[in-house]
Amino acid sequence: SDCGTKYFHRPFTTKTLLAAFPCRFDRTRSMASFITRSSNRVAQGVLRRIEHVSPTLAGTSTTFAIFKPDIAQHQKLPVVYWLSGLTCTDENFSQKAGAFQAACDNKVVLVMPDTSPRGEGVPDEEPKVYDFGVGAGFYLNATTEKYKKHYNMLDYVTKELPAIVEKMLPADISKAGIFGHSMGGHGAMSIALKNPGKYRSVSAFSPICNPTEAPWGKKAFPLYLGKDKKKWSEYDTVELLKKYEGPPIRFLVDQGTADSFESEDKKKKNQHQLRPEALLKACEEKGVALTLRMQEGYDHSYFFISTFVEDHLRYHAAYLTGILRWCPDTINGATVYSSPPEKPETEGKDIECLAAVAFEPKKPLSMVKVKVGPPQKGEVRIKHTAVALCHTDAYTLGGMDPEGLFPCILGHEASGIVESVGEGVSGFVPGDHVIPCYQAECFPEDQANDYCPRCRGYRTGKTNLCGKIRPFTGAGVMKEGGTRFTAASDGTELFHYMGTSTFSQYTVLHEESVAKIRKDAPLEKVNLLGCGLATGWGAVKNTAKVEEGSTVAVFGLGTVGLSVIEGAKMAKAKRIIAIDLDSNKFGLAGNFGANEFVNPKDYDKPIQQVLVEMTGGGVDYSFDCTGNVGVMRSALEATHIGWGQSVIVGVAAAGQEISTRPFQLVTGRVWKGTAFGGYKSRSQVPGLVDAYMNGEVMIDPYVTHNVNFNDINSAFQLMHEGKSLRAVIWMDNNCPE
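The sections below set out a description of the structure shown in this document. (Residues numbered from 1 in each chain as written. Predicted model: local features only at pLDDT ≥ 70, side-chain atom pairs only at ≥ 80, totals over all residues. Heavy atoms only, no water.)

It is worth spelling out the overall build of the protein chain at this point. When helices and strands are tallied, the protein chain shows 23 helices and 26 strands. In terms of C-alpha radius of gyration, the protein chain reaches 30 Å, essentially the compact-globule figure of 27 Å for 737 residues. With the C-alpha coordinates aligned to their principal axes, the bounding extent of the protein chain is approximately 90 × 65 × 45 Å. In the protein chain, buried positions account for 57% of the 737 residues. For the protein chain, the share of sequence-separated contacts (at least 6 apart) that also reach a separation of at least 24 residues comes to 72%. (Helix = DSSP H or I, 4+ residues; strand = E, 2+ residues; numbered from the N terminus. Rg over C-alpha atoms; globule rule 2.2 N^0.38 Å. Buried < 20%, exposed > 50% of the residue type's maximum accessible area, 1.4 Å probe, protein only. Contact = heavy atoms within 4.5 Å.)

Here it is, written out as structure tokens:
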């Protein structure tokens, strides 16, 4: 029967294919419609096998399978293509890999084509063999006279099939990944290299990495491509890597150590077919990122594939959705990332680097060379990779911060890599990936001994405000004395800022102010967890403790306000009301989870009165993210009598005071503030990174601009003009175009 309008995105017929692929269609054959051969519900989706006439494969009937998660009814999902190995059809993966629950969990569509053309008139060798011809198309376009009409699996996989998928489903074929097994692993990697940028993610199980040197390739390539070995190299991953000039590409490859096809025993007929060591060498020489996992005791079968297929789909989802959620927990065997960091030549020495220095308030930052001293006892020196601008930096630069000291190096929202550590530091080593934290966190032994008056509240969970190094960070110096920054030109000391000073290519931090994170997290994204996003999420989760079904109002729709909205959505608040003077921000607020929108300029009454009337008495929770003391009062008075809570998130200018009638508090409303969202930095920021990597929270949509370090003042201008949420500063001036 026809596939039906419920499944298809748009009507699609063989006639449409004729227009797209007129050169290869044999018009003497009958033209069949797309036919659903089977349909099965599995996991939270539907698997369909679809037969159609393929112009690319000389008008033969071919079958492919599509697995569509239910969520694809409501949004466009990325597509991951699976290419099977020798002797397989589209059904092997469907029936044996156990991949469909993982596809649902990671929100990807799976597409599984056949491995070759089939049917009457398709040429083959006599006697028939398993490793050539039908069932063994090698994902190439044949050029020899006997096979060139039918064996065009390269064009089928890269051109005809994506066009069909785009017509059938509301899928986003611009976000495609490709993976496969054995011959299909060869196909996935070689296809990705031959089509630079077309596939955002590539992986393979037991691939034939170097077929021009493998028995399978030496048998098949002359028959498909002729005797010219230069033509063979066009379908050899190792050879293609040598001349690859496309955008950055990364491979994930799993290889079983008990794979009979990778035996080096020369007495065995199928010895050394896969050649992973050649792939590793080629990637290392070209500088291509490869994670090669040698899986102990696994063979070449689907038992092997089914064990690790979830890893591969998480890996693909990572690169296709922008929400990285994959990390090889254990790297078995060789990988280009496995070398331990070398001891830095700069250890114990001053480092000269660029810094954006605030010499005085209300003036642009000056890009100058500074010297960054080596870390002293209990200190860590890091190299920043990515830094984000926060309004607090602008607040201090604007002269509104009572603790603002000049000249200084501002900045507090960043990520980086440990360069060296000082005496007594045991929790960090060079090469560790870290996030600087302006809210420090002392150690358990400090809390046990009541190092400062805050310890008794800290250890019982009443506060996240550590006081151990606060007297020093507030004074712009280090606990061991002085600063670690001097101007390279004349030796002028430069103050630290918030204990972080991230507007410098290198900085020195107290070890209490450093959170160590997993190395697969993208540093140009997770730097936002050093302040703004953690503050918004935590204000909801930790400070207010918003319950499911609550009514929430958020005042101010900058980065922090949007993260509060996201946090309220995660808490399953029923009504999330976004309030701002700029109605143009409401669409973005809706993307983060707001479902009602209010512009105070549209009313001739106080906004708190508007909200009380809208909600039948007031909201359960309100959040001020503006730093305006008048708005803070409105936010409090918009909450419900008896139980309403209002959380102050925004920082007001120096000397500002809040006010309200005592009656507002006497009648049960609660007014509270939050710093860093109540999170404890060293111990809890790594968990926020994990949440991002697991797809539980968003970061990417907050990054609206990427800017080179030399252009940091233009990023401040974008902020002041309201054109950016977060501008990420690339500290090595290597910002992507």
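In the structure shown here, the tally under the stated rule is 23 aromatic pairs. Aromatic side chains F304 and F308 sit 5.8 Å apart centroid to centroid with 70° between the ring planes, which places their arrangement in the edge-to-face category. Here F304 and its partner F308 are both found in helix 10 (residues 302-321), 4 residues apart, which amounts to about one turn of the helix. As far as the burial class goes, F304 and F308 line up, both buried. (Phe/Tyr/Trp six-rings, centres within 6.5 Å; stacked < 30°, edge-to-face > 60°.)

Turning next to the state of the cysteines. The full count for this structure, using the stated rule, is 0 disulfides. Take C466: it sits in no disulfide, and the sulfur closest to it among the cysteines is that of C442, at 3.9 Å. (Disulfide = S-S within 2.5 Å.)

The 4 strands are arranged 10-11-15-16 in an open sheet whose pairing can be described as antiparallel. Both outer strands of the open sheet, strand 10 (351-357) and strand 16 (493-494), are each paired with one neighbouring strand and no more. Examined bridge by bridge, strand 10 and strand 11 (residues 366-372) share 7 bridges and lie antiparallel to one another. When the sheet's bridge partners are listed, C353 is paired in strand 11 with V370. (Pairing = 2+ DSSP bridges.)

Residues of helix 19 (residues 607-615) that are buried: I607, Q608, V610, L611 and T615. Each buried residue of helix 19 lies within a common arc of 155° when the element is viewed along its axis, so the set occupies one face. The secondary structure elements touched by the buried residues of helix 19 are strand 19 (551-555), strand 20 (575-579), strand 21 (596-598) and helix 20 (629-637). With its phi angle positive at about 70°, G616 sits one or two positions after the end of helix 19. (Arc of directions from axis to C-beta.)

The next point concerns the sheet that holds strand 20. The strand order 21-20-19-22-23-24 describes an open sheet built from 6 strands, whose pairing is parallel. The outermost strands of the open sheet, each flanked by one partner alone, are strand 21 and strand 24 (670-673). Between one strand axis and the next, the sheet turns by 20° as a mean value, whatever way the strands run. Here strand 19 pairs with strand 22 (residues 621-624) via 4 bridges, running parallel. Residue pairing for strand 22: F555 is matched across the bridge by D624. (Axes fitted to C-alpha atoms, helices over the stretch in contact; angles between N-to-C directions.)

The next point concerns the pattern of salt bridges. The tally for this structure, following the rule as stated, stands at 34 salt bridges. With its nearest N and O atoms 2.6 Å apart, the salt bridge here joins D114 to R118. According to the relative accessible area criterion, R118 is partly exposed, its value standing at 25%. With a closest N to O distance of 3.9 Å, K194 and E234 form a salt bridge. Here the residue K194 occupies a position in helix 5 (residues 183-194), and E234 occupies one in the loop between helix 7 (229-233) and helix 8 (237-242), the gap between them amounting to 40 residues. On the basis of relative accessibility, which here comes to 26%, the residue K194 falls in the partly exposed class. (Salt bridge = Lys/Arg side-chain N within 4 Å of Asp/Glu carboxyl O.)

Our next topic: the nonpolar core. One finds F64, Y81, F138, V165, I178, Y224 and F251 to be the most contacted residues of the largest nonpolar core, which totals 70 residues. At 8 residues, helix 4 (residues 153-168) tops the list of elements feeding residues into this core. Counting 58 residues, the second largest nonpolar core, distinct from the first, contains L557, F592, V647 and V689. (Core = buried A, V, L, I, M, F, W, Y, C linked by side-chain atoms within 4.5 Å.)

Looking now at the pairing of strand 19. Within strand 19, 5 of the 5 residues are buried, leaving the element largely enclosed by the surrounding structure. Burial along strand 19 is two-sided: T551, A553 and F555 and V552 and V554, pointing in opposite directions, are all buried. The pairing of strand 19 with strand 20 spans 5 bridges and is parallel. Bridge assignment links T551 to a residue of strand 20, and that residue is R575. Between strand 19 and its parallel partner strand 20, the chain crosses via helix 17 (residues 559-570), and the hand of that crossover is right-handed. (Right-handed = clockwise from strand over helix to strand, strands pointing away.)

Right, let's talk about the pairing of strand 4 (residues 77-83) for a bit. Strand 4 sits mainly inside the fold: 7 of its 7 residues count as buried. Of the pairings in the sheet, the one linking strand 4 to strand 6 (residues 171-181) comprises 7 bridges and is parallel in character. Of the residues in strand 6, the one forming a bridge with Y81 is I178. Of the pairings in the sheet, the one linking strand 4 to strand 5 (residues 109-112) comprises 3 bridges and is parallel in character. Across the sheet, V79 pairs through a bridge with V109, a residue of strand 5.

Here we come to helix 16 (residues 532-544). Compared with an ideal rise of 1.5 Å per residue, which puts 13 residues at 18 Å, helix 16 spans 17 Å between its outermost C-alpha atoms and is within 8% of the ideal. At G538, helix 16 is deflected by roughly 45°, the largest bend along its length. With respect to burial, helix 16 is a largely interior element, 11 of its 13 residues being buried. For helix 16, every residue scored as buried is listed here: G532, L533, A534, T535, G536, W537, G538, A539, V540, T543 and A544. Taken from the residues just after helix 16, K545 is the one with a positive phi, measuring 55°. (Expected span 1.5 Å × (residues − 1). Bend = angle between axes of the 7 residues up to and from the residue.)

Next up on the list: the packing of helix 16 against helix 17. Remark: helix 16 packs on helix 17, axes separated minimally by 7 Å, with the N-to-C direction vectors making an angle of 40°. Relative to helix 17, helix 16 is oriented oblique. Between helix 16 and helix 17 lies a crossing whose hand is right-handed. Across from G532, L533, T535, G536, W537 and V540 in helix 16, the residues of helix 17 making contact are T559, V560, S563, V564, E566, G567, A568 and M570. Classifying every residue of the contact of helix 16 with helix 17 gives 7 nonpolar, 6 polar and 1 charged. (Parallel < 35°, antiparallel > 145°, perpendicular 65-115°, else oblique. Left-handed = near helix turned anticlockwise from the far one by under 90°. Nonpolar A, V, L, I, M, F, W, Y, C, P; charged D, E, K, R; others polar.)

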